[in-house]
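# Commentary on secondary and tertiary structure
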Amino acid sequence: MKRFAGRIAHAAFVLWAVATLTFLLFRLMPGDPTLNFLSDSFSEEMRADLLESFGLDKPLPEQYLIYLGSLLQGDLGVSFLQKRPVLDILLAALPNTAALTITALVIAYAFGIIAGAFLAFARGTVTEGIAIPAALITRAAPEFWLGMLLLSWLSFAWGIFPSAGANVAGSEFTSEWARLTSADFLWHLILPALTLALYLQGLPLLLMRATMLEVLNDEFIVMARMKGLSRWAIVMRHAARNALLPVATAFALGLGSSFGGNVVIETVFSWPGLGRVLVSAVQGADYPLAQGAFIMIAAVLVLMNMVADLLYAWLDPRVSVGARR
Amino acid sequence: MPGASAMRRRPLPGFVGSGLGFLRKQPFAVAGLAIYLTFILLAIFADQIATHDPREILFRGAYRVARYLPPSATHYLGTTAGGRDVFSQLVHGTRSALQVGVTAAFFVVVIGTLLGLLSGYLGGWVDRVIMRISDIILGLPFLPFVLVISALTRPGTTTLVASVALMLWPNTARVIRSQVLSLRERGWVEAARVTGCSTPRIIFVHIAPQVAPLAALYGSIAVGWAILTEASASFLGFGDPNAISWGLMLQDAFANQALSRGVWTWFVPPGLCIVLLVLAGFLVSRGSEKLLFPKLGD
């Protein structure tokens, strides 16, 4: 329990540091943040008013305290361009990113775990000779390029899947949940999720194979073999269970990093998620929105890093949380 | 110190010695090195190999820009929407890819190894500070951070390389650190300490060579990461707009409806080149992994 609290305190420290770094990054970088927002026709007075309304006229330490205070209250400010609260914009995009990431990770890990487990048995065969380089290739390919290939093939050439967006334009739903479970949404989800899954599956596959190879040499597997258990029973009931440990950790880590890493996939498929919000905010010099999106992506990452650590300690009692670093 | 030379004897890294024999046993690593070599040659002789100036807007006949030309004997991979030769862009793109990959990897390895050595050997507050900083960096989302930095400063290759190096050194530093933690308890380090070697000498002369292969391994992976990051950032419009790079080619193709027009010869080759170059790093590192950790690789 004490370790648990320690790990949470550590995550809180990292979050604070990331928030501070973000603040400094957006305030101290060369260039006036309002410059892109204001047109030349604005008078000096209007400019001053505007700076005041965003709190940019106060001294830096005071700005920092206000910033931290509002962050704690979940207030991320108001978007320069959209004139809406940043949090609203982010919360509208979050379900799309979550749906994409979770679907892709589940497909990738389900496939990777099973394929990896069986590849461990296929040592030195032709299957292995093809599968390992293939897995490495998918990890070496830029995600957006994989997306472009699938898009041009399945969407433009064959016309099976829609090429952009998360819903048909103009469609309306009674609730967010109804939208996320609608056939239309799922239809739009398939291609980006497949692309992301294709990119992600290499890691669980190689990880599962490597740990399986280690586990298969353990005494309890030899014991299971001597008992005459079937291959399937040995793989699934004895070996895989123990080999799943690092894979489970990787899943949590993958969830955290994919939230931010989706930036390119969301762009290729015009998927209205957090990454797209970040990219367009940065391109449009919409600093409050860019800052908010960045902090939200970072918060998910820090949170999942923590979950991964705790999961690791919980699944393997031999490891203590503190001992890992 | 007459006794010092005898004391300094320590297990050879074994990297050079078994190198040749290892190449024969490691087809993966050999394939990776062959890919590297091919791209290096392409980059060196890019001017001779390319058939056109990659930036030149080509015309056909009376002032008509040579857009979307299909592959032919003069344009091996056709032309872009802007009337530029795809093959020549591809060849010249090798230069920026290698440049970005190698410089970023160099900084990752140097910073990561240096901080890992200091952190592991000195311990105490140095260790705590370095590890806390690496914790914070690992809490930053990689690509979004690179994008924000590029947007807030001047977008370009230097910014990209610097942010990739800044984001990737903690992984190397942590691995090096844990290696140093075990190395510093070994007899020959103890012996060096007893004979009065200075701390910097122990760190850089006695321990550093032992972790060099491990650092090289992380370097070869960093090459790939840097190239992928450059491609992604360029694709999103945060690269150096004047550079000729595979990422920019893909962005150009994507923005000009190459997908719906089915111009495969434009958007498939740059991606394939990225895959090959990044894959080469993986193959080399997998091969050397077996050399470094023979127990794992049987």
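Residues numbered from 1 in each chain as written. Chains lettered and ligands numbered in written order. Predicted model: local features only at pLDDT ≥ 70, side-chain atom pairs only at ≥ 80, totals over all residues.

## Things to note about the overall build of chain A
Per the secondary structure count, chain A includes 14 helices and zero strands. Reading the secondary structure of chain A in the N-to-C direction produces α-α-α-α-α-α-α-α-α-α-α-α-α-α. Counting every position in chain A, which comprises 325 residues, the buried fraction comes to 38%. Within chain A, residue pairs in contact and separated by at least 24 positions form 73% of the contacts whose partners lie at least 6 positions apart. (Helix = DSSP H or I, 4+ residues; strand = E, 2+ residues; numbered from the N terminus. Buried ≥ 20, exposed ≤ 12 C-beta atoms within 10 Å, placed from the backbone. Contact = placed C-beta atoms within 7 Å.)

## Describing the confidence of the model for chain B
Residue and element names in this part refer to chain B. Taken over all residues, the pLDDT of chain B has a mean of 80, while the share at 70 or more is 86%. Note on residues 1–9: pLDDT is under 50 here. Beyond four places in sequence and across chains, it has seven contacts. Reported confidence for the predicted complex is 0.82 by ipTM and 0.83 by pTM. (pLDDT = per-residue confidence, 0-100.)

## Regarding the interface of chain B and chain A
Residue-level contacts link 34 residues of chain B with 34 residues of chain A. Among the secondary structure elements, those contributing two or more residues to the side of chain B that touches chain A are helix H6 (124–138), helix H7 (142–152), helix H10 (199–235), helix H11 (246–255), helix H12 (258–261) and helix H13 (264–292) of chain B. Here the residues of the side of chain B that touches chain A sort into 25 nonpolar, eight polar and one charged. (Nonpolar A, V, L, I, M, F, W, Y, C, P; charged D, E, K, R; others polar.)

## Observations concerning the nonpolar core
Soluble, globular proteins show a tendency: their nonpolar side chains are buried together. In terms of nonpolar packing, the biggest core is built from 171 residues, with A:Leu278, A:Ala293 and B:Ala222 touching the most fellow members. When residues in this core are grouped by element, the largest group, 17 residues, is from H10(B). When residues no more than four places from it in sequence are discounted, the contact partners of B:Ala222 are B:Ala104, B:Ala105, B:Val108, B:Val109 and B:Leu168. (Core = buried A, V, L, I, M, F, W, Y, C linked by C-beta atoms within 7 Å.)

## Considerations on H11(B)
Residue and element names in this part refer to chain B. H11 sits mainly inside the fold: nine of its ten residues count as buried. Within H11, burial applies to Trp246, Gly247, Leu248, Met249, Leu250, Gln251, Asp252, Ala253 and Phe254. Downstream of H11 by one or two residues, Gln257 has phi in the positive range, about 55°.

## Here's the deal with the environment of B:Trp169
All names here are of chain B. In this structure, Trp169 sits in helix H8 (residues 157–183). What makes Trp169 buried here is the crowd of 26 C-beta atoms within 10 Å. Ignoring anything within four residues of it in the chain, the contact list for Trp169 reads Val108, Ile111, Gly112 and Leu115.

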